[in-house]
Amino acid sequence: MPEENLQDALLKQVDECKEGFVDSNQLAASLNVDHQSIVGTIKSIQCFDGVIDAVLKSITKWELTQEGKQMAENGSYEYNLYNAIPDDGITQAELMKKVPNAKIGFSKAMSNRWLKVDKTSKPPVVKKQVENVKDEVKNLILMVQSGSMDVSDKSLNELKKRKIVQQTSLKSYTISKGPEFKLVLEKPETDLTSQMLHDDSWKSKTFKDYNFNSLGQILPSGHLHPLLKVRSAYRDIFLEMGFSEMPTNSFVESSFWNFDTLFQPQQHPARDAHDTFFLSDPATTEDFPADYVERVKNVHSHGGYGSQGYGYDWKIDEAQKNILRTHTTAVSARMLYKIAQEKPFKPVKFFSIDRVFRNETLDATHLAEFHQVEGVVADRSVTLADLMGILKEFFHKLGIDNLRFKPAYNPYTEPSMEIFGFHAGLNKWVEIGNSGVFRPEMLRPMGLPEDVNVIAWGLSVERPTMIKLGIDNIRDLCGHKIDLQMVYDSPICRMDM
Amino acid sequence: MPTVGIKRDELFDALGRKYTEEEFDKLCFEFGVELDEVTSEKQQVAKEQGKEKAKGLSDDVIYKIDIPANRYDLLCLEGLVHSLRVFLKDITAPQFKLKEPENGVRQKLIVKPSTQQVRPVAVCAVLRNITITQQVYDSFIDLQDKLHQNIGRRRTLVSIGTHDLDTIQGPFVYDAQVPSDIKFVALNQTEEFTAPQLMELYKESHLKSYLPIIQDKEKYPIIYDSNGVVLSMPPIINGDHSKIKLSTKNIFIEITATDEKKANVTLDTIVSLFSYHCAEQFLIEPVDVEQVDGTVITTPKLPYRVEKVTAEYLNKKIGIEVTADVVADILTKMCLDSEVSDVQKGEITVTIPPTRSDILHTCDIVEDVAIAYGYDNIVRTLPRSATIGAQQLSMKLSERLRKEMAGSGFTEALTFSLCSYDDCGSKMGISEQVVQQTAVKISNPKTVEFQIVRTALVPGLLKTIASNRNMPLPLKLFEVQEVVVKDATKETGARNERHLSAVHYNKTPGFEVIHGLVDRLMQILEIKWSSKKPCPEGKYYYLEKTEDPSYFPGRCANIVACGKVIGKLGAIHPKVLSNFDLTCPVAAVEINLEHFY
């Protein structure tokens, strides 16, 4: 019977019953359906609040096992065995062959004292001990089968032990009318449809409640990479602060622009093959402004502009070697040289965020390439205090308000300061960047006026992103071995929160 | 940045007071060094070699302190303590002076011409009546090691030999000899070895990294005394005969180098810092070094230099307001003796001692003033000029395209710029020859993953798919990044090219998705599709069937926009898929964005 018809039939019976309630088992019997279907129907009607009340009760009841049913028909084993004994007796071996389950029958009949074994004859024979017997067991079985309540617990347990009866529990519902009882149920709509809006039927319909206790669908979406979201956030900050982006589209750089112009001596460890990627093709750059090269050479080897210089034999060959740039400061040097050639001098604020390369041994915090952020301000009489002030504003926008500056050393800045920020999440001071005032030995050979100072700072994109996302292995953030789920799940980038 | 390990108790003894760890950390921070780690010999060994080895070692607290790379004068207890005590105004900076020998005859080193091909520079000095305790001895050895590593660039530029002067007899000779002719008992050896035997002996020792400095030279540098006793074979090993002991009273220091300036700085540093332990403190005995041309240079030079700065200059650089008097006072804290030399001009005369070789320019004095003034005391200001911000057009376009790509349902990957030959070559079905012609090559990669700079973005995206094959299909990835190609017309011989690439990975290639993406990109770049042949001039694009070894035959097309081929799209060749360990088909596109800004 289809579900709706069952609902109707059930409601009709509840409505018509004289007792005020119906039993679900009786209902199942009268409708000639499986009890389980009735239970399903009750549940579905209960989705409508207050239509019916259904109280569950559980009745235990004895019923015959398969063996018990056979016994009800054929009599107990002991009774059958007893009847199979001729008056003059029979050997036990023969008796065993005469009836089924003779072994059980024999032991039961013996314990009932229905039999005796005459050991005087050889071999011994089994004889009836009493004239006639009643098959009490069969009677009990028939009583259980009929549902009689007059069978004693002791007898039931005896039968249970013999696996003739078993106890089953029967669940049944007592169904009665609820406060909102009705004979016809209207099914609630799962959702609004355009048809309902069209014909206004939504006004007369009931709607199923939404389930707010589960997650919604996973949407098919595109995602931006978290590190590049942070890069975008940094760009926004610089642009908000009036900085211009430098052209950093030059991974290949000459040692001259990467090191020499920055007054980084040619024996400096950073210029080692251990730290820097040198190129075999294209191996060198020879096209430098000749007069500038001469000034750079002089300031390294002999000094000038008030400097002692490093006092070593500066070699053009070393400067010509091509490398993958180790910092974007190479680009800053090119830009500063460029503005030095433009007269009169105009103050500038520059920034860049791009890849730099180090011939590092890779580990959880080091990759061969990473993103460097750099800010540069060139202005007449810009001061160390200005550098501290602009760093304060910059890091404020990154959500870091507590800054400390540590004196540090860098070949091309003096004074130099490491920037430490108090990280509330980690509850400690972490180094968050490097900064300084470019040395006159770098700026004056470019042709910048003596009173023009240049302040600069740098940091990586990777480190703050890792802290932000709680990633402690950089290889889980960058490169082709990342888990795309990390990209899918990464939040929008709000550095100041 | 070099790190020195100093025993805390010895440090506090020398400083004359005790600090809590926080107090000392703060002092370091203000002075410009960094208390990097607090440990002990036991802890260090336990960390590096396991707890077993650490048993029975000292529990004395060691402070590991990071020293700026140009402050050679802080690389040992003596130097650090002196500078800190001057900084704290406990003492005034010492005056280092030369003192001629009692008998009026200087020690002498004669430099032979043959050294000029190997290690041309030699400088010397003598420390008289020195008291060497175990602590001083350890510090002395440690300082030499630090100087070897740092200013000496692992002994390539400078190496140091120190000797018990009373065991040897001048004049000394600095020579270079055929290795097999050199034979002596090296430090801590009991028998004589020839130079080649020594080189063999040290092959697996802590000295092995220095061997290549002279290994292949025709002649090895050697210093011996008037009796032929070998003092050292620079830069490898000293002789055993003249080694320093706790009983040593007079020390002969010889430094050989390839860089004269660094040789002098190293010598000045050692003698300045350890003259503290001489009976007559801070007095150093000079030595004559006879050069190849017969001239004599007396070392050490212990140069004191004078710089003049004005308070106005310093104030303007730092952004503070202090008077010349205050400047002179605070500079003295940084071991720079200073006095106001012209009250009217606010001029200060600063004397730079031989220990402060880091001061090359008045800007270095600016830093010392700022440090002594206290970075925390500087009032933070902002640059006054107004400037207008601007973006690079390439980045402006990239940023917008990236958002559009994500809007089209593609996820951004971030792959490395460096890769192997195979990634851009054989794995993509492209011949090695083509890669050789186009790619920038790295001469010293540590692994094959960094042989070249990538010339295309698709390989990185395929690798990203390969490590994410367990993700639900389809995978739609993109990247807007730069590749690098050789270009002889450019200054460096190479140029960056900004590319956009996208891939679609699914049970079927989904070429239609990539095709649709190209149409979408052209739409937002305001380039119209044209089916007319020939294509009209101006902002139109069309696809043109082509063949490419990376793509399945018949399933690759050029994207022709505004009359130029700007990129390629198609279904990736099954062989390429298998090279990248991919089990499903891929459709891909790669476009050169340089045409659009």
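Definitions and limits used
- Residues numbered from 1 in each chain as written.
- Chains lettered and ligands numbered in written order.
- Predicted model: local features only at pLDDT ≥ 70, side-chain atom pairs only at ≥ 80, totals over all residues.
- Heavy atoms only, no water.
- Helix = DSSP H or I, 4+ residues; strand = E, 2+ residues; numbered from the N terminus.
- Rg over C-alpha atoms; globule rule 2.2 N^0.38 Å.
- Buried < 20%, exposed > 50% of the residue type's maximum accessible area, 1.4 Å probe, protein only.
- Contact = heavy atoms within 4.5 Å.
- Lys, Arg positive; Asp, Glu negative; His and termini not counted.
- Charge placed at Lys NZ, Arg CZ, Asp CG, Glu CD.
- Buried area = accessible area lost by both parts, 1.4 Å probe.
- Salt bridge = Lys/Arg side-chain N within 4 Å of Asp/Glu carboxyl O.
- Polar contact = N/O pair within 3.5 Å; in protein donor to acceptor, adjacent residues only side chain to side chain.
- Nonpolar A, V, L, I, M, F, W, Y, C, P; charged D, E, K, R; others polar.
- Pairing = 2+ DSSP bridges.
- Expected span 1.5 Å × (residues − 1).
- Phe/Tyr/Trp six-rings, centres within 6.5 Å; stacked < 30°, edge-to-face > 60°.
- Lys NZ or Arg CZ within 6 Å of the ring centre and 35° of its normal.
- 1 Å grid on protein atoms, 1.4 Å probe; cavity = no way out; pocket = protein on both sides within 12 Å on 5 of 7 lines; lining within 4 Å.
- Points joined across faces, edges and corners; volume = space filled by probe spheres on them.
- Axes fitted to C-alpha atoms, helices over the stretch in contact; angles between N-to-C directions.
- Parallel < 35°, antiparallel > 145°, perpendicular 65-115°, else oblique.
- Left-handed = near helix turned anticlockwise from the far one by under 90°.
- Patch = residues over 30% accessible without salt bridge, like charges linked within 9 Å, V, L, I, M, F, W, Y side chains within 5 Å.
- Areas by Shrake-Rupley, 256 points an atom, 1.4 Å probe, with all protein chains shown as cover.

Let's talk about the overall build of chain A
Step number 1: The helix and strand tally for chain A stands at 19 helices and 16 strands.
Step number 2: Computed over C-alpha atoms, the radius of gyration of chain A comes to 49 Å, more than 25% over the 23 Å expected from 2.2 N^0.38 for 497 residues, which places it beyond the range of a compact globule.
Step number 3: Overall, the C-alpha framework of chain A stretches about 140 × 80 × 40 Å when taken along its three principal axes.
Step number 4: Put simply, chain A has 497 residues, and 51% of those count as buried.
Step number 5: The long-range fraction of contacts in chain A, counting pairs at least 24 apart against all pairs at least 6 apart in sequence, stands at 69%.

Comments concerning the overall build of chain B
Step number 1: In terms of regular secondary structure, chain B is built from 17 helices and 30 strands.
Step number 2: In summary, chain B has a C-alpha radius of gyration of 34 Å against a globular reference of 25 Å for 597 residues, an excess of more than 25%.
Step number 3: Split into buried and exposed, the 597 residues of chain B put 54% on the buried side.
Step number 4: Relative to all contacts within chain B whose residues are 6 or more apart in sequence, the contacts with residues 24 or more apart total 68%.
Step number 5: The averaged location of the 82 negative side-chain charges in chain B is 7 Å from the averaged location of its 71 positive side-chain charges.

Some details on the interface of chain B and chain A
Step number 1: On the chain A side, the residues contacting the 94 residues of chain B number 112 residues.
Step number 2: A buried area of about 8500 Å², summed over both sides, lies between chain B and chain A, and 54% of it is on carbon and sulfur atoms.
Step number 3: Summed over the three residues of chain B that lose the most area to chain A, namely Phe29, Arg380 and Leu414 of chain B, the buried surface amounts to 9% of that side.
Step number 4: Along the contact surface separating chain B from chain A lie nine salt bridges.
Step number 5: A salt bridge links Glu399 of chain B to Arg231 of chain A, with the shortest nitrogen-to-oxygen separation between them at 3.4 Å.
Step number 6: Counting across the chain B and chain A interface gives 55 residue pairs in polar contact (both at pLDDT 80 or more).
Step number 7: Ranked by the residues each element gives to the side of chain B that touches chain A, the list is headed by strand E24 (residues 475–486) of chain B, at eight residues.
Step number 8: Here the residues of the side of chain B that touches chain A sort into 40 nonpolar, 26 polar and 28 charged.
Step number 9: Relative to strand E22 (residues 441–442) of chain B, strand E9 (residues 279–281) of chain A runs antiparallel, the two being bridged by two bridges. Bridge pairing in E22 of chain B links Leu279 of chain A to Ile442 of chain B.

Let's talk about the sheet that holds strand E4 (residues 115–118) of chain A
Residue and element names in this part refer to chain A.
Step number 1: The three strands are arranged E3-E5-E4 in an open sheet whose pairing can be described as antiparallel. The sheet is open, and its two edges are formed by strand E3 (90–91) and E4, each paired on a single side.
Step number 2: Pairing of E3 with strand E5 (residues 125–128) involves two bridges; the strand directions are antiparallel. Residue Ile90 lies in a different strand from E5, and its bridge partner there is Val126.

A word on the side chain of Glu497 of chain B
Residue and element names in this part refer to chain B.
Step number 1: Position of Glu497 relative to the elements: it lies in strand E25 (residues 494–505).
Step number 2: A polar contact of 3.5 Å, which involves the side chain of Glu497, links it to the side chain of Asn592.
Step number 3: Those residues in contact with Glu497, other than ones at most four positions away along the chain, are Gln481, Glu482, Val483, Val485, Asn592 and Glu594.

Topic: the pairing of strand E14 (residues 251–257) of chain B
Each regular strand carries side chains that alternate between the two faces of the sheet.
All names here are of chain B.
Step number 1: Across the seven residues of E14, seven count as buried, placing the element largely inside the fold.
Step number 2: Alternating positions in E14 separate into two faces, Ile251, Ile253, Ile255 and Ala257 on one and Phe252, Glu254 and Thr256 on the other, with burial throughout.
Step number 3: Pairing of strand E6 (residues 121–127) with E14, which is carried by seven bridges, proceeds in the antiparallel orientation. Counted as the bridge partner of Cys124 is Glu254 from E14.
Step number 4: Judged from the seven bridges that link them, strand E7 (residues 158–164) and E14 form a sheet pairing that is antiparallel. Residue pairing across strands places His163 opposite Phe252, the latter belonging to E14.

Description of helix H11 (residues 226–240) of chain A
Residue and element names in this part refer to chain A.
Step number 1: Taking 1.5 Å of rise per residue, 15 residues should cover 21 Å, and H11 covers 21 Å from first to last C-alpha, within 8% of that figure.
Step number 2: Counting buried positions along H11 yields twelve of 15 residues, so the element is predominantly enclosed.
Step number 3: Buried residues of H11: Pro226, Leu227, Leu228, Lys229, Val230, Arg231, Ser232, Ala233, Tyr234, Arg235, Ile237 and Phe238, and no others.
Step number 4: Taken from the residues just after H11, Gly242 is the one with a positive phi, measuring 80°.

Considering the environment of Ile253 of chain B
Residue and element names in this part refer to chain B.
Step number 1: By the secondary structure assignment, Ile253 is in strand E14.
Step number 2: Linking Ile253 and Ala186, residues 67 residues apart in sequence, is a C-alpha distance of 17 Å.
Step number 3: Dropping the residues within four chain positions of it, Ile253 is found in contact with Val123, Cys124, Ala125, Leu127, Ile160, Gly161, Thr162, Leu267, Ile270 and Val271.

Description of the packing of aromatic side chains
Step number 1: Evaluation of the coordinates by the stated rule reveals 33 aromatic pairs over all chains.
Step number 2: Seen in terms of ring centroids, Phe394 of chain A and Trp457 of chain A are 5.4 Å apart; in terms of plane orientation they differ by 65°. Their pairing is edge-to-face. Note that Phe394 of chain A is positioned in helix H16 (residues 384–397) and Trp457 of chain A in strand E16 (residues 452–460), a separation of 63 residues in sequence.
Step number 3: Three or more aromatic residues joined by ring pairs form one cluster here, namely Tyr234, Phe238, Phe243, Phe351, Phe394, Phe395 and Trp457 of chain A.
Step number 4: The residue whose ring lies beneath Arg404 of chain A is Phe29 of chain B, and the NZ or CZ to ring-centre distance is 3.9 Å.

Some details on empty space enclosed by the protein
Residues and elements named next belong to chain B.
Step number 1: Under the definition given, this model contains six cavities of 30 Å³ or more.
Step number 2: In this structure, the largest cavity spans a volume of roughly 150 Å³.
Step number 3: If you trace the largest cavity, you find 16 residues lining it, with His82, Pro94, Phe96, Leu273 and Thr355 closest to the centre.
Step number 4: When contributions to the lining of the largest cavity are tallied by element, the ones reaching two or more residues are helix H5 (77–87) and helix H8 (260–274).
Step number 5: Take the lining of the largest cavity: its biggest share by element is four residues, from H5.
Step number 6: Its residues assigned to classes, the lining of the largest cavity shows eight nonpolar, five polar and three charged.

A short note on the pattern of salt bridges
Step number 1: According to the stated counting rule, one finds 61 salt bridges over all chains in the structure shown.
Step number 2: By sharing partners, the salt bridges in this structure join Arg231, Arg235 and Glu245 of chain A together with Glu399, Arg402 and Glu412 of chain B into a single network.

Here we look at the packing of helix H12 (residues 393–407) of chain B against helix H16 (residues 511–524) of chain B
Packed helices, taken two at a time, are described by the angle their axes make and the gap between the axes.
All names here are of chain B.
Step number 1: Running from amino to carboxyl end, H12 crosses H16 at an angle of 140°, the nearest separation of the two axes being 11 Å. Comparing their axes, H16 and H12 come out oblique. For the pair H12 and H16, the sense of crossing is right-handed. Here Leu401, Glu404 and Met405 of H12 come into contact with H16, specifically with Leu517, Arg520, Leu521 and Ile524.
Step number 2: Partitioning the contact of H12 with H16 into residue classes produces five nonpolar, no polar and two charged.

As for the sheet that holds strand E29 (residues 564–572) of chain B
All names here are of chain B.
Step number 1: Across the sheet, which stays open at both edges, the eight strands sit in the order E20-E24-E25-E30-E29-E28-E27-E26 with mixed pairing between neighbours. Two strands close off the open sheet at either side, each with one partner strand: strand E20 (411–412) and strand E26 (528–529).
Step number 2: Judged from the seven bridges that link them, strand E28 (residues 551–561) and E29 form a sheet pairing that is antiparallel. Residue pairing across strands places Ala561 opposite Lys564, the latter belonging to E29.

Focus: a nonpolar patch on the surface
Step number 1: On the surface, Leu192, Leu197, Trp202 and Phe207 of chain A cluster together to form a nonpolar patch covering roughly 370 Å² of accessible area.
Step number 2: Considering the arrangement of structural elements, one finds Leu197 of chain A in helix H10 (residues 194–199).

Concerning the environment of Tyr79 of chain A
Step number 1: Along the polypeptide, Tyr79 of chain A turns up in helix H5 (residues 77–83).
Step number 2: Considered as a pair, Tyr79 of chain A and Ala340 of chain A are 261 residues apart in the sequence and their alpha carbons are 124 Å apart.

Some remarks on the pairing of E6 of chain B
Residue and element names in this part refer to chain B.
Step number 1: Counting buried residues in E6 gives seven out of seven residues, a clear majority hidden from the surface.
Step number 2: Alternating positions in E6 separate into two faces, Val121, Val123, Ala125 and Leu127 on one and Ala122, Cys124 and Val126 on the other, with burial throughout.
Step number 3: By the bridge criterion, two bridges tie E6 to strand E15 (residues 283–290) in an arrangement that is antiparallel. Looking at the pairing, Val126 lines up with Glu285 of E15.

Everything listed here is a matter of coordinates, which is why it stays silent on function.
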